[in-house]
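The chain contents come next:
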Amino acid sequence: ITGKEAQTLQSTLKTLDTTAKKLAADIKLTQSKISLVTDSIADLSGKISDKGEKIEQNLNVVGKSLRQIQSTDDLSLIEMLLSQKDFSDFWTDMETLQTFQIEIQRQTKELQELKSGLEPERTEEEKARKELLSLRSQLSDQKNIVEQNKQEKSKILSQTKNKESAYKKLLDERKQQKEAFERELMQFEADLRVAIDPNSIPRAAALFTWPFDTSKINPFKNITQLFGGTEFAKLNPQVYGRPFHNGTDFGVPFGTPIRSALRGTVVESGNTDAYAGCYSYGKWILIRHTNGLSTLYAHLSKINVAAGQEVSTGELIGYSGNTGYSTGPHLHFTVYVTQGVRVMRLGDAKQITKCGDARIPVAPFNGYLDPLTYLPQA
């Protein structure tokens, strides 16, 4: 959750309306970028076409020259002498031959220069086309997220009939179900016994990049819950047994692009909301890295990767949202010791309340690490 317990129906609806306006602005901006890239591609294509025509013209000139030289080469020197009326015609032909050879050299050099000039423009066009495809994909994602936002607002209004008392009751029911689930999960994870080699845990260092654009979002000002102790856990030790929050929460706007913190392989992704009453991670992604660590991205609105997919550092993997148990749009970011984490159907271990059929990453307590230990501090 985001750590902000106070929440009203009107503030929630206001947040959804604000999100819709922001997404509309993002869509407009993306469409503008698409127009600019499209114009850039058209301009580059025109330049390439012009140079292509010039190359074709040069090839025709070179071909003509070669044919004339070949017809001359078919004659022996004596035949050329005998075919001329006088020696002056012969020497004129020899000069013509030399002129052809010089022209071929010039045209060949010009062709090489034109070809070399095309390479960077082709590279630029390919880059522009790739950017255009990315922008179109992003535009499609943003439109889907807008629709999700509308559906969430409609669902809340349908469930509450726009009454604050009904909304508070709905929140209380979800909170109770979430706490019951976490009690069972906490006990299950407490009973896990996984041998973790201390040498497999990297030392504290900025091994990861931030999973969102920090030029737009200040991560430290937007931390809503730190790893370890939480206000709820401290006030309710009977639920957790000890103060513990297995990741760090960042209050980022709904629909914020979420990126892989490091190169790795997608282990699995899932959606606990597919199971009624299972208030957990919502839409989540688990990525295994080669440095002995794995990362979890939860409460997403959209997942853009699949199990087994290789992802690079900073690659788009999804968008932030408000799925699962959440009091507001945010990203839940967890770092695991890879040796300790596994994805499992919770019902295979024990009957987890309302979540028996859900699959999520689980780990013993010593399998969780503080994300801020491995993220840039400036």
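Residues numbered from 1 in each chain as written. Predicted model: local features only at pLDDT ≥ 70, side-chain atom pairs only at ≥ 80, totals over all residues. Heavy atoms only, no water.

Colleague: Quick rundown of the state of the cysteines? Include the residues and the values.
Modeller: Covalent bonding between the sulfur atoms of two cysteines defines a disulfide. Across all of its chains, the model carries one disulfide by this definition. Here Cys-278 connects covalently by a disulfide to Cys-355, the sulfurs 1.9 Å from one another. Disulfide Cys-278-Cys-355: torsion about the S-S bond near 110°, hence right-handed. Taken together, the residues span a long stretch of sequence, with Cys-278 in the loop between strand E4 (264-271) and strand E5 (283-288) and Cys-355 in the loop between strand E10 (342-345) and strand E11 (359-362) at a distance of 77 residues. Look at Cys-278 and you get buried, because its relative accessible area is 2%. (Disulfide = S-S within 2.5 Å. Helix = DSSP H or I, 4+ residues; strand = E, 2+ residues; numbered from the N terminus. Buried < 20%, exposed > 50% of the residue type's maximum accessible area, 1.4 Å probe, protein only.)

Colleague: So what's going on with the confidence of the model for the chain? Residues and values would help.
Modeller: Looking at the chain as a whole, its pLDDT mean stands at 82, while 81% of the residues score no less than 70. Every residue in residues 236-242 scores below 50 in pLDDT, and together they form twelve contacts with partners more than four places removed in sequence or on other chains. (pLDDT = per-residue confidence, 0-100. Contact = heavy atoms within 4.5 Å.)

Colleague: Kindly report on the pairing of E5, identifying the contributing residues and their values.
Modeller: Taken together, the six bridges between E4 and E5 define a ladder with antiparallel strand orientation. Residue pairing across strands places Ser-269 opposite Ile-285, the latter belonging to E5. With five bridges joining them, E5 and strand E6 (residues 293-303) adopt antiparallel strand pairing. The partner of Lys-283 across the bridge, within E6, is Leu-300. (Pairing = 2+ DSSP bridges.)

Colleague: Go over the side chain of Glu-189, please, and point to the residues and values.
Modeller: You can see Glu-189 is positioned in helix H4 (residues 164-191). When its relative accessible area of 4% is taken as the criterion, Glu-189 is described as buried. Not counting residues up to four positions away in its chain, the partners in contact with Glu-189 are Val-362, Ala-363, Pro-364, Phe-365 and Tyr-368.

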